[in-house]
Amino acid sequence: MNQIFLVLKREYLTRVKKKSFLLATLLTPLVLPTIIFAIAYFATRDKDSRHEEILVLDESGYFGEVFGASGYDFEYVTGDIEELKTTFADKGAFGVLYIPQLDLSDISVRRFEGFQFYSETNASIRTMERIEESIEQRIKDLKLQRSGLDHSVIENLQVNADLDTFNITESGEAKESNSGLSFAIGYGTGFLIYMFIFVYGSQIMQSVLDEKTNRIVEVIVSSVRPFQLMMGKVLGVGAVGFTQILIWIVLMVTLSTVGISVLSGGNEVVMEAASQQVPQEALSQQQEMAANIQNMISSVPVMKILLCFLFYFLGAYFLYGALYAAVGSAVDSLQDAQQFMFPIIIPIIASIMAMFFVLDDPNGGLAVTLSLIPFTSPIIMMARIPFGVPDWQLALSMVLLIAGFVGTTYVAGRIYRIGILMYGVKVNWKIMKKWFTMKV
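Below or above, wherever it landed, is the structure these notes cover.

### Brief notes about the side chain of Ser-329
Moving on, step 1. Here Ser-329 lies in helix α11 (residues 302-330).
Moving on, step 2. Polar contacts involving the side chain of Ser-329 include one to the main-chain carbonyl oxygen of Ala-326, which spans 2.7 Å.
Moving on, step 3. In contact with Ser-329, other than residues within four places in its own chain, are Val-208, Lys-212, Ile-415, Tyr-416, Gly-419 and Ile-420.

### Description of the packing of helix α6 (residues 179-213) against α11
Moving on, step 1. Where α6 contacts α11, the axes come no closer than 8 Å and their chain directions differ by 30°. Comparing their axes, α11 and α6 come out roughly parallel. Crossing of α6 against α11: the hand is right-handed.
Moving on, step 2. In terms of residue class, the contact of α6 with α11 is built from 22 nonpolar, 6 polar and 1 charged.

### Looking at the environment of Cys-308
Moving on, step 1. When you line up the elements, Cys-308 lands in helix α11.
Moving on, step 2. By relative accessible area, which is 5% here, Cys-308 ends up buried.
Moving on, step 3. Residues Cys-308 and Met-381 lie 73 residues apart in sequence; the distance between their C-alpha atoms is 9.0 Å.
Moving on, step 4. Among residues more than four places away in sequence, those in contact with Cys-308 are Met-382, Ile-385, Leu-394 and Met-398.

### Focus on the pattern of salt bridges
Moving on, step 1. The full count for this structure, using the stated rule, is 4 salt bridges.
Moving on, step 2. Here Glu-82 and Lys-85 are joined by a salt bridge, their closest N and O atoms 3.3 Å apart. Note that Glu-82 and Lys-85 are positioned in helix α3 (residues 81-87) at a spacing of 3 residues, about one turn of the helix.
Moving on, step 3. Residue classification places Glu-82 among the partly exposed residues on the basis of a relative accessible area of 48%.
Moving on, step 4. On the basis of relative accessibility, which here comes to 29%, the residue Lys-85 falls in the partly exposed class.
Moving on, step 5. Among the ionic pairs, Glu-113 bridges to Arg-111, the shortest N-O distance being 3.2 Å. Each member of the pair, Glu-113 together with Arg-111, is exposed.

Reading the values: rules and limits
Residues numbered from 1 in each chain as written. Predicted model: local features only at pLDDT ≥ 70, side-chain atom pairs only at ≥ 80, totals over all residues. Heavy atoms only, no water. Helix = DSSP H or I, 4+ residues; strand = E, 2+ residues; numbered from the N terminus. Polar contact = N/O pair within 3.5 Å; in protein donor to acceptor, adjacent residues only side chain to side chain. Contact = heavy atoms within 4.5 Å. Axes fitted to C-alpha atoms, helices over the stretch in contact; angles between N-to-C directions. Parallel < 35°, antiparallel > 145°, perpendicular 65-115°, else oblique. Left-handed = near helix turned anticlockwise from the far one by under 90°. Nonpolar A, V, L, I, M, F, W, Y, C, P; charged D, E, K, R; others polar. Buried < 20%, exposed > 50% of the residue type's maximum accessible area, 1.4 Å probe, protein only. Salt bridge = Lys/Arg side-chain N within 4 Å of Asp/Glu carboxyl O.

In structure tokens form, the structure reads like this:
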């Protein structure tokens, strides 16, 4: 055990003392939102600065000045569509929209065809949707005029309904819930685990491979058993990731608390409003925003989510980290490792792909099944927890995950003890199976 701790300490201190670790840990929570904001800002600015035109040939005469929210300038023209199809690019236009003659005498007709759009390159899906929406809305307005109905009466018939959602606790208390926030938390935590498995798993494999190719491992195993060396590396790199996660959690909690305090102006009326003791009319705009944020946070089990995230993060890391170490010990280069990485990353990729379906139906059969399988449960269960998971499913998932990383550690250890001292061997699955069963 002392040898494992020594390896762990070396791996941990070697990484956390690097300036790159400190910069990545402290700047990532600030850099990522900044990058996202910058991309969104410049994408919008670039779109607004472009004045590409779409020529509109309206043979019906019904669609004057109705295309205003599609990100393009629309110029209405006359002429022949066949000629425009070949000359619109010469006029500097992005495309040409053709609107045929329309027969609106029968207001019962619901489908209108013949609208055409021509361009040299494909327009975005959103642009096409907006054009279609503009056409449909204009036809609705025209049909309404011909029906003789009062437009104001039709508008007054349209209503918006706000649906407040609540979760009933075991004590029978109704607690406000927020499906949108649950979706965001589930996706965010699941994606973080997905990202960290790849990042820190690759670090383990690279560390093992470097020591093997440099022959340093021959000196190390003279005083440390191969299994102890492997566990020390897995635990050491895992401790680095755990430290980084804890720092990020502290930073996020601190920034959130400070942000809410700034918005609320330090006024305790926000806390009362969050408890629904003060009407929203009594709050300023900033105080109302702070109260809404606190209401959203209180609608999810924050502490339960954090504890489960730390458990599944460590569980996923140990499960996959041991396999990464085994692969690193068996090969002599990163190129040779590729053939063995594919079976390892399949469950990870499957989890992130299935997560979208799980978030849509967090209590469905697919969600429950994948949240119990150790290789997929870390990502899938974290996607489900914000929506509420039965305690027995959560407990069973945790037990199976523990059994899973114990099993993978055992398998990886038996491969590692042989592979770490093998050089120049063309490794395949048959040889790795032989190493697993070999007695030394």
